[in-house]
Amino acid sequence: MANTVYSNFVLESQLKDNLTTAINHRALMKVDNSLADEAGTIKKINTYTYTGKVEKLNAGAKNTVRGALTFTTAQYEVKRAQQVWDYNDVEFMQDPTIVEHGMKGGANLLANDIVADFYVEAAKATLSQEFPKAGFNYDAVVDAIAKMNLESEEGLYVLINPSLKAELRKDPDFKAKQLGQIMVDGAIGTLAGLPVVVSKAVAADTAYVAHPDAITLFMKKDAEVEQERDGEAGVNTIIMRQVELVALTDATKIVKMSRGA
């Protein structure tokens, strides 16, 4: 006589990847925590330009041209970025892994929010450089660096979309370098002495040569998690928030690169 057995099953629990990019973009920015010690939610960033002329004068003569200082102001408002989700006790008893996945998913969305703000500010770059239609290459990066007119290239990096990675790996100057040496998070090698970072968040046919000082992450309050519970209904609420803003603070240290005609 055959046995009657219990139809058992194994639950494989997975969380669908909801990260825009796995690259830690905080490493590509300057992090400023000064807002945490200041009152108010408005941040004004002044960019100053001085113009004048040096004149060689005879004894007793006065300058005919006076120096002038002008500035432009960019105003930002600190916002509370918040993610909220609920689960009830019955759901937790049926699948205890929902808390772990919910926490991870919410944290990923907060990270995506900062990444999105990063590229909004990067798009404001005033310096630009084209690279050949045939492919992203060494020469274009060298020209982009030259646009910055910097004495020191320390800290600069190249940020590209995955679609440009294959083109770059075919460039003879890149292949000649030692690949696989990780200099910053996500780097695939070096080009013109700069680490190359690949991120899915970069728009197609777009790249950036930048320094962390170009874009600043101002933190008013870093990520925090709060939990509330409605005991009568058996409903639990998880609140994740951070209070910050991302701003372009030095346009002389970022070059936006795009494919030429």
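Engineer: Go over the overall build of the protein chain with me, naming the residues and quoting the values.
Structural biologist: Secondary structure assignment for the protein chain yields five helices and 12 strands. Counting over 261 residues, the protein chain shows a buried share of 36%. In the protein chain, 76% of the contacts between residues at least 6 apart in sequence involve partners at least 24 apart. Carbon and sulfur atoms make up 51% of the accessible area of the protein chain, which amounts to about 15,900 Å² in all.

Engineer: Summarise the pattern of salt bridges; cite the residues concerned and give the values.
Structural biologist: The final tally for this structure, using the stated rule, is 10 salt bridges. The partner of K221 in a salt bridge is E224, and the shortest N-O contact between them spans 3.9 Å. Overall, the relative accessible area of 41% leaves K221 in the partly exposed class. What makes E224 partly exposed here is its relative accessible area of 27%.

Engineer: Could you give me a rundown of the environment of F131, with the residues and numbers involved?
Structural biologist: Topologically, F131 is positioned in strand β5 (residues 127-131). Along the chain, F131 and A261 lie 130 residues apart, while their C-alpha atoms are 9.1 Å from each other. Sequence-distant contacts of F131, defined by excluding residues within four places in its chain, comprise F136, A140, L164, D205, M257, S258, R259 and G260.

Engineer: Run through the sheet that holds strand β11 (residues 235-248), naming residues and quoting values.
Structural biologist: Strands sit in the order β1-β10-β11-β4 across an open sheet of four strands; the sheet is mixed. What marks the edges here is a single partner per strand, and that holds for β1 (30-32) and β4 (79-88). The mean angle between the axes of side-by-side strands here comes to 30 degrees, regardless of whether they run parallel or antiparallel. Examined bridge by bridge, β4 and β11 share 10 bridges and lie antiparallel to one another. Note that in β11 the partner of W85 across the bridge is I238.

Engineer: With reference to specific residues and values, describe the side chain of S199.
Structural biologist: With respect to the secondary-structure elements, S199 resides in the loop between β8 (194-198) and β9 (206-210). A polar contact of 2.9 Å, which involves the side chain of S199, links it to the side chain of T21.

Engineer: Can you break down the confidence of the model for the protein chain residue by residue, with the values?
Structural biologist: Within the protein chain, residue pLDDT values average 83, and 85% of them lie at 70 or more. Here residues 9-13 scores under 50 on pLDDT; set against residues more than four positions off or in separate chains, the count is four contacts. Under a pLDDT of 50 for its full length, residues 180-184 has, in the predicted model, seven contacts with residues more than four places off or in other chains.

About the cut-offs
- Residues numbered from 1 in each chain as written.
- Predicted model: local features only at pLDDT ≥ 70, side-chain atom pairs only at ≥ 80, totals over all residues.
- Heavy atoms only, no water.
- Helix = DSSP H or I, 4+ residues; strand = E, 2+ residues; numbered from the N terminus.
- Buried < 20%, exposed > 50% of the residue type's maximum accessible area, 1.4 Å probe, protein only.
- Contact = heavy atoms within 4.5 Å.
- Areas by Shrake-Rupley, 256 points an atom, 1.4 Å probe, with all protein chains shown as cover.
- Salt bridge = Lys/Arg side-chain N within 4 Å of Asp/Glu carboxyl O.
- Pairing = 2+ DSSP bridges.
- Axes fitted to C-alpha atoms, helices over the stretch in contact; angles between N-to-C directions.
- Polar contact = N/O pair within 3.5 Å; in protein donor to acceptor, adjacent residues only side chain to side chain.
- pLDDT = per-residue confidence, 0-100.

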